[in-house]
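Listed below, chain by chain, are the residues.
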Amino acid sequence: MVSTEERTYINAPIERCFYLSLNIDLHQESTARTRERAVAGVTTGLIGLGERVTWRGRHFGVMLRHTSEITAYEAPAFFEDVMVSGVFRSFRHRHFFKPDDNGTAMEDCLEFAAPVPVLGRIVEALVLKEYLRRFLRERNAFMKQIAESEEWRKYLPH
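Here we summarise the structure given alongside this text.

Analysis parameters
Residues numbered from 1 in each chain as written. Predicted model: local features only at pLDDT ≥ 70, side-chain atom pairs only at ≥ 80, totals over all residues. Heavy atoms only, no water. Salt bridge = Lys/Arg side-chain N within 4 Å of Asp/Glu carboxyl O. Helix = DSSP H or I, 4+ residues; strand = E, 2+ residues; numbered from the N terminus. Buried < 20%, exposed > 50% of the residue type's maximum accessible area, 1.4 Å probe, protein only. 1 Å grid on protein atoms, 1.4 Å probe; cavity = no way out; pocket = protein on both sides within 12 Å on 5 of 7 lines; lining within 4 Å. Points joined across faces, edges and corners; volume = space filled by probe spheres on them.

## A word on the pattern of salt bridges
Moving on, step 1. In this structure the tally under the stated criterion is 13 salt bridges.
Moving on, step 2. Close ionic contact of Arg94 with Glu111 constitutes a salt bridge, the shortest N to O distance being 3.6 Å. Within this pair, whereas Arg94 is found in strand β6 (residues 90-100), its partner Glu111 is found in strand β7 (residues 103-113), the two being separated by 17 residues in sequence.
Moving on, step 3. Look at the salt bridges and you will find they share partners, linking Glu6, Glu130, Arg133 and Arg137 into a network.

## Considering helix α1 (residues 14-21)
Moving on, step 1. Burial within α1 is extensive, with 6 of its 8 residues counted as buried.
Moving on, step 2. All buried positions along α1 are accounted for by Ile14, Arg16, Cys17, Phe18, Leu20 and Ser21.

## Comments concerning the layout of surface pockets
Moving on, step 1. Space inside the largest pocket adds up to approximately 770 Å³.
Moving on, step 2. Taken together, 38 residues make up the lining of the largest pocket; nearest its centre are Glu36, His66, Phe91, Leu132 and Phe135.
Moving on, step 3. For the lining of the largest pocket, the secondary-structure elements that each account for two or more residues are α2 (24-30), β3 (52-59), β4 (62-74), β5 (78-85), β6 and α3 (117-147).
Moving on, step 4. Among the elements that line the lining of the largest pocket, the one with the most residues is α3, at 9 residues.

The following block contains the structure:
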């Protein structure tokens, strides 16, 4: 199993950042490069505790499906999603939010294991870890832009 962390500082209130992170529509727009779409479960708006979403997107040139469930939820400080089906042997994503002097410190903690155990360790270390870090950075940069502008109103109730 491999883990990676990504921290993003957002000049916006913690509640806004927390709920934007749970917004399916924002996620789809932030992943335009991989063309991720919610195709089952919660497919629009906010996802909550015990709910699932199935994503379909292009990664490494292949269309993949990934179903995750929100398994822990403590608004507005933390939530966790865990893969229930997909190509990984395991996939756990914890999201932490802390108030900061100028807004919110957001931290993503991702733990995953590649599909093939022996070859998987090499692929995890050399390819997947950096790919997933870049994916998180791009998604978080998009979310930061939305949260720090008036565009957040498009995704959350006023």
